[in-house]
Amino acid sequence: MIALDASPSTGGRAPSRRAGRLTALLGVLAVLALLCLASLAVGSAPLPISTVWQALTAYDGADIDHITIVDTRLPRTVLAVLIGAALGVAGALMQAIGRNPLADPGLLGVNAGAGLAVAVGVAYLGLTTISEFVWLGMIGAVLAAILVMVIAARGAAGPTPLRITLVGVALTAVFNGLSMSLSLVNPSRFERMRFWGVGSIADRPPGTVEFVAPIIVLGLVLAVAAGRSLNAVALGDDMARAVGARVGLTRFGSVVALVLLCGAATAAAGPIAFVGLMVPHAVRMLVGADQRWVIAYSALVGPVLLLVADLVGRVVVRPEELQVGIVTPLIGAPILIWLVRRAKAL
């Protein structure tokens, strides 16, 4: 088991605080489990929990309800958990390495790079299926992040947080402009990637979960490993070096984790806003600035937000659905405003 808080205790205060954090973490995990169960039961055809349990424990391939749960809703739920965890932790990493509470994973150019790669594939390679978008989107996300880091590293100061942010913002604008230009050249062809472009976890091709799961798990492991060093980096590069932190290696490892997490999530579901921006804000208000706890909580709160958005999207316009990428800003923006107002009031 990974020790999330290894700081020395002062009397009984530190162990008590750690116990409180662990208790709250278990509470978030219980909420996530309930939302996963709801995700299996709620849809265009609501199903009782007993049917969900039977489908999971005694699957009957001839029963339409069991097929709906296991073959459609279960992969969608697992994908929501993976992508929510990836985006939540990616946001925490981006804000930590950039020392900017307003930083978003998209600032590294990952989302825009994935979108441009997909646009090029549709326009010039004749891609027609979402399974092809996933692979090309992942390649574009990785290449975009590499390009941002290479440009930001030029100069004596190296890839400082400010340079990474500025280069990421500039290239994101360029990538988005190119993608928009390509989509205007042939609108009928780009109709095929409409749902990917707004962010969706519904109707993903078979094998999507299997494709992104190892990438996201590796990214989460790297993020957890970097947690302690990120606490030192938050003090500033000079202070971090003074206490023995390897700033360059920590920043590089964090960027690699961020690219894996955000790249896989974007490739599979398209750009989904507000999860990476809002979740770390909410988590820091609950557990403080210790990045080890922020990362652990973000890995659970991210899926909670994404599952809530997906469930809302399934029921508000039933029998049709709103894509999760549309619902997350509608939910996330009011919550973020409330968090900011509450922080000012404290």
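For the structure itself, consult the block above.
Computed from a predicted model, the values in this text were never measured in an experiment.

Draft legend 1. Summary view of a nonpolar patch on the surface. On the surface, Ile 139, Leu 143, Ile 146 and Val 150 cluster together into a nonpolar patch covering about 370 Å² of accessible area. With respect to the secondary-structure elements, Leu 143 resides in helix α5 (residues 130-153). Given the relative accessible area of 53%, Leu 143 is considered exposed.

Draft legend 2. Structural detail: the nonpolar core. If you look at the biggest cluster of nonpolar residues, it comprises 83 residues, and the most contacted ones within it are Ile 83, Leu 93, Leu 108, Val 212, Leu 258 and Ile 272. Among the elements that take part in this core, helix α3 (residues 64-98) stands out by supplying 13 residues, more than any other. Each residue touching Leu 93, except ones within four places of it in the same chain, is listed here: Ala 223, Leu 230, Ser 254, Ala 257, Leu 258, Leu 261 and Ile 295.

Draft legend 3. Local environment of the pattern of salt bridges. Evaluated as defined, the whole model comprises four salt bridges. Close ionic contact of Arg 76 with Glu 321 constitutes a salt bridge, the shortest N to O distance being 2.9 Å. Of this pair, Arg 76 sits in helix α3 while Glu 321 sits in the loop between α13 (291-315) and α14 (324-345), placing them 245 residues apart in sequence. A salt bridge links Arg 292 to Asp 290; its shortest N-O distance comes to 2.9 Å. The residues Arg 292 and Asp 290 share a single accessibility class, namely buried. Several salt bridges converge on common partners, so that one network encompasses Arg 76, Asp 310, Arg 314 and Glu 321.

Procedures and definitions
- Residues numbered from 1 in each chain as written.
- Predicted model: local features only at pLDDT ≥ 70, side-chain atom pairs only at ≥ 80, totals over all residues.
- Heavy atoms only, no water.
- Patch = residues over 30% accessible without salt bridge, like charges linked within 9 Å, V, L, I, M, F, W, Y side chains within 5 Å.
- Areas by Shrake-Rupley, 256 points an atom, 1.4 Å probe, with all protein chains shown as cover.
- Salt bridge = Lys/Arg side-chain N within 4 Å of Asp/Glu carboxyl O.
- Helix = DSSP H or I, 4+ residues; strand = E, 2+ residues; numbered from the N terminus.
- Buried < 20%, exposed > 50% of the residue type's maximum accessible area, 1.4 Å probe, protein only.
- Core = buried A, V, L, I, M, F, W, Y, C linked by side-chain atoms within 4.5 Å.
- Contact = heavy atoms within 4.5 Å.

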